[in-house]
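# What the coordinates show
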Amino acid sequence: MENINNNTITIAGKISSDLSFSHEIYGEGFWQLDVEVERLSGQSDILPVTVSERIIERERMKIGQPIKIVGQIRSYNNYVETDRKNKLVLTIFARDIAMPDDNADNPNDVFLEGFLCKPAVYRVTPFGREIADLLVAVNRSYNKSDYIPCIVWGRNARFAEKLAVGERVRLWGRMQSRQYQKKIDEDTILEKTAYEVSVAKVEQGEGEGALPLSAD
């Protein structure tokens, strides 16, 4: 049976896109939508959500509708023609949906327990802020894993820099969206969006067992 306790996310916000069909597995259709989750700063993250047709309330899932989602962060590889390589894509896989009249607050809470599958990349910004980028493999059933980019700050970044590949880690934080520009050629610059977990707390676990990178 799938372990859902090592990968949990709860968000609440407002639907910010129409439903669009994603894919079908064993006769079950899955749809995608974006949810806008406001930060304490007043800025917002636009987060992608995948939801089964079994739990969709289509007549209510309109742009602007408040929504609360409990689920997991999932990853998959998508071939990008312009880059001619696979790109790691993240989505929130919804397990439960509620649609209140309004959201009293806007939670964005993530917990992950997995394994470091690349060396941490530590750096200091021009403003002196310490950051480390992590890629964490979170195992699920059928010998699959989700590979989730994470970013840690300050003393957590210094701690993460010392972790060895394959070490178990536990992370608490929130999922965020980030805009950036990619230069294709001298005349073409594309606006892109990256998704990652911004980590507030990280702990070192025990044991090894990260699965190798896979396409799913």
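Coordinates for the structure precede this section.
Residues numbered from 1 in each chain as written. Predicted model: local features only at pLDDT ≥ 70, side-chain atom pairs only at ≥ 80, totals over all residues. Heavy atoms only, no water.

Grouped together as the largest cluster of nonpolar side chains are 41 residues, with contacts concentrated most on Ile11, Met61, Ile69 and Cys150. If we skip the residues at most four places from it in the chain, Cys150 touches Leu112, Ala132, Asp133, Leu134, Val136, Leu171, Val197 and Val199. (Core = buried A, V, L, I, M, F, W, Y, C linked by side-chain atoms within 4.5 Å. Buried < 20%, exposed > 50% of the residue type's maximum accessible area, 1.4 Å probe, protein only. Contact = heavy atoms within 4.5 Å.)

The next subject is the environment of Lys192. Along the chain, the position of Lys192 falls in strand β12 (residues 188–204). Exposure remark for Lys192: the relative accessible area of 14% places this residue in the buried category. For the pair Lys192 and Asp18, spaced 174 residues apart in sequence, the C-alpha separation works out to 20 Å. (Helix = DSSP H or I, 4+ residues; strand = E, 2+ residues; numbered from the N terminus.)

Tallying each qualifying case throughout the model produces 13 salt bridges. Note that Asp45 and Arg174 form a salt bridge whose closest N and O atoms lie 3.5 Å from each other. Of this pair, Asp45 sits in strand β4 (residues 44–52) while Arg174 sits in strand β11 (residues 168–185); the two residues are 129 residues apart in sequence, bridging distant segments of the chain. Overall, the relative accessible area of 1% leaves Asp45 in the buried class. Between Lys201 and Glu203 there is a salt bridge, with the nearest N and O atoms lying 3.5 Å from each other. (Salt bridge = Lys/Arg side-chain N within 4 Å of Asp/Glu carboxyl O.)

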